[in-house]
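Analysis of the macromolecular model
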Amino acid sequence: MSTPAVSSVHQALQKSFKNLENCQKVWKSALTECSPLLESLGNLAEQSKALSNVQLSDTPLRVFPDLEDRLRFKLLQAMDTVLGKLNDKLSSLQSVRDTISSHASGVLQLYELHADSLDLLAVTERSATTPSIADMLGWLQDAERHYRQQFLRRKAVLQMLRVDNLSLVESAPQRWKSLESASAEDCITDILCKVSFFMESELGK
Amino acid sequence: MEGESRDVTSFNRKCSAVTGSARKIRDNMADWHNLMLKWDKLNEDGFSVASNVVNLRLSQSSQLSSSSAPPGGAAELQDQCCKLQHIFDKMVGVVTRMENLMTSQRGLRDLEEFQFGPEGRQCPLFHTWDTKEFVGACHFLWESFVQEVKLKQIILQEVAHTISADLCAVYLSCWLHQPFNPAHNRHMLEALLLETGHRPL
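What you see is a predicted model, and the numbers here were worked out from it, not measured in a lab.

Attention shifts here to the overall build of chain A. Regarding its fold elements, chain A presents 7 helices and 0 strands. The secondary structure elements of chain A, listed N-terminal to C-terminal, are α-α-α-α-α-α-α. For chain A, whose C-alpha radius of gyration is 24 Å, the value lies well above the compact-globule estimate of 17 Å for 205 residues. Along the first, second and third principal axes, the C-alpha atoms of chain A reach 85 × 25 × 25 Å. The buried share of chain A, taken over its 205 residues, is 40%. The long-range fraction of contacts in chain A, counting pairs at least 24 apart against all pairs at least 6 apart in sequence, stands at 82%. On chain A, the mean spot of the 23 positive side-chain charges and the mean spot of the 26 negative ones are 4 Å from each other.

The full count for this structure, using the stated rule, is 15 salt bridges over all chains. A:Glu68 is the partner of A:Arg72 in a salt bridge, and the nearest nitrogen-oxygen pair spans 3.4 Å. Here A:Arg72 and its partner A:Glu68 are both found in helix H2 (residues 67–113), 4 residues apart, which amounts to about one turn of the helix. Look at A:Arg72 and you get partly exposed, because its relative accessible area is 26%. Among the residues examined, A:Glu68 registers a relative accessible area of 29% and is labelled partly exposed. B:Glu190 serves as the salt-bridge partner of B:Arg186, at 3.5 Å between the closest nitrogen and oxygen. With a gap of 4 residues between them, B:Arg186 and B:Glu190 both fall in helix H6 (residues 183–195), about one helical turn apart. For B:Arg186, a relative accessible area of 32% puts it in the partly exposed group. Among the charged side chains, a salt-bridge network with shared partners connects B:Arg186, B:Glu190 and B:Arg199.

Residue and element names in this part refer to chain A. Direction vectors running N to C along helix H1 (residues 4–53) and helix H4 (residues 133–159) enclose 25 degrees, while the axes themselves pass 11 Å from each other. In terms of their interaxial angle, H1 and H4 are classed as roughly parallel. The way H1 lies across H4 gives a crossing that is left-handed. On H4, the residues touching Val-6, Val-9, His-10, Leu-13, Ser-16, Phe-17, Leu-20, Gln-24, Trp-27, Leu-31 and Leu-38 of H1 are Ile-133, Met-136, Leu-137, Trp-139, Leu-140, Ala-143, Tyr-147, Gln-150, Phe-151, Arg-154 and Leu-158.

Here the phi dihedral of B:Gln178 falls at roughly 50 degrees; this positive angle occurs in a residue that is not glycine. Take B:Gln178: it is sitting in the loop between helix H5 (165–177) and H6.

Residues and elements named next belong to chain A. Two numbers describe how H1 lies on helix H5 (residues 166–178): the axes approach to 8 Å, and their chain directions differ by 155 degrees. Between H1 and H5, the angle falls in the class roughly antiparallel. For the pair H1 and H5, the crossing hand works out as left-handed. Across the interface between the two elements, Leu-31, Cys-34, Leu-38, Glu-39, Leu-41, Gly-42, Ala-45, Glu-46, Ser-48 and Lys-49 from H1 touch Leu-166, Ser-167, Val-169, Glu-170, Ala-172, Pro-173 and Trp-176 from H5. Partitioned by chemical class, the residues of the contact of H1 with H5 number 10 nonpolar, 3 polar and 4 charged.

Taken together, the 20 residues of chain A in the interface contact 19 residues of chain B. Counting the surface lost from both chain A and chain B, the interface buries some 1,600 Å², and carbon and sulfur atoms represent 76% of this. For the pair chain A and chain B, the interface holds 0 salt bridges. On the surface where chain A and chain B come into contact, there are 5 residue pairs in polar contact (both at pLDDT 80 or more). Counting only elements with at least two residues in the side of chain A that touches chain B, the list comes to H1 and H2 of chain A. Among the elements that make up the side of chain A that touches chain B, the one with the highest residue count is H2(A) (7 residues).

Our next topic: the side chain of A:Arg97. Mapped onto the elements, A:Arg97 comes out in helix H2. Not counting residues up to four positions away in its chain, the partners in contact with A:Arg97 are A:Tyr147, A:Arg148 and A:Phe151.

Rules used throughout
Residues numbered from 1 in each chain as written. Chains lettered and ligands numbered in written order. Predicted model: local features only at pLDDT ≥ 70, side-chain atom pairs only at ≥ 80, totals over all residues. Heavy atoms only, no water. Helix = DSSP H or I, 4+ residues; strand = E, 2+ residues; numbered from the N terminus. Rg over C-alpha atoms; globule rule 2.2 N^0.38 Å. Buried < 20%, exposed > 50% of the residue type's maximum accessible area, 1.4 Å probe, protein only. Contact = heavy atoms within 4.5 Å. Lys, Arg positive; Asp, Glu negative; His and termini not counted. Charge placed at Lys NZ, Arg CZ, Asp CG, Glu CD. Salt bridge = Lys/Arg side-chain N within 4 Å of Asp/Glu carboxyl O. Axes fitted to C-alpha atoms, helices over the stretch in contact; angles between N-to-C directions. Parallel < 35°, antiparallel > 145°, perpendicular 65-115°, else oblique. Left-handed = near helix turned anticlockwise from the far one by under 90°. Nonpolar A, V, L, I, M, F, W, Y, C, P; charged D, E, K, R; others polar. Buried area = accessible area lost by both parts, 1.4 Å probe. Polar contact = N/O pair within 3.5 Å; in protein donor to acceptor, adjacent residues only side chain to side chain.

Shape descriptors only; they carry no functional weight alone.
Now the structure itself:
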């Protein structure tokens, strides 16, 4: 009943979904760490903007001739630190995307390798606990696409930032937030629910 | 081998059982470190009080234009301003103690000039720095803190009387980011601590 081809594809799928489960956690925690960083980036941009709006020579601060430059330097330095930290977070998001992509393409390659010995029945056959191979391959591709797109969009938000365009930096937190899509994340959770029995089953026995 | 063991003993003598001028400098540098930590803490506390002041002031002025002012607002604003004044007084105290440290450092230099002539002592008390360099470093640090205190005094005087949101934001970011206290200060302090053996080489 269970041919060697089916069981080897099953094993690879099980491994990929376990990896996906892990990646979802890493992704979520990296994103949670990003939001306070973006908030402080937006805050620093607001401060810089306020500094540009104020003519210091008309205020009691006129006694410090180099204050504006010094404060601007400090603000830029602080922004730089925050951007550096965001960059670290972005690379952990990237590594999540990379592992999911490599798993998804690896499983697909394995399936293509065995495609001749897997007939339509074997690919679409499912039981109460094990979804069909075709479904699972599809879900894995869905998850891969979700993380790939999410990563690109978030990277684009950060790459668009320029210190000479403060309103862009100021609005970055909102744009970052607008990328959050609960339904897409729920899809991943949904997929993981659908394969939960399959992940727990002991293959190869 | 012999040279090595001699190095170790001279290191010990310099760092743990120091006496006289070296001991005094070493203690002064530890005080610098503690004062700067204390300053940072006060700066943080001051910032949160100053932002309370700004928020109260701005919400007051927006309420004034729309309806009658809340009765408790003014008292609370006064209360926060007093708190800020209190923190500022403590910061002035910190800078006064920094000045004392600098004076003590100058005294040590003068003592050396008296003991060894205008050239100072031949071999350094610690690793490489001579007493004049300690005075220079302390003076540099002290000057930046004096500027900071001047800036903070203006902020303290003005922050509750400003209705422009932008200027308030500038006051707050001046308080938080300490434009006259560059990152170089931190490195200077680390250099002092390294030289006097508080930090392992």
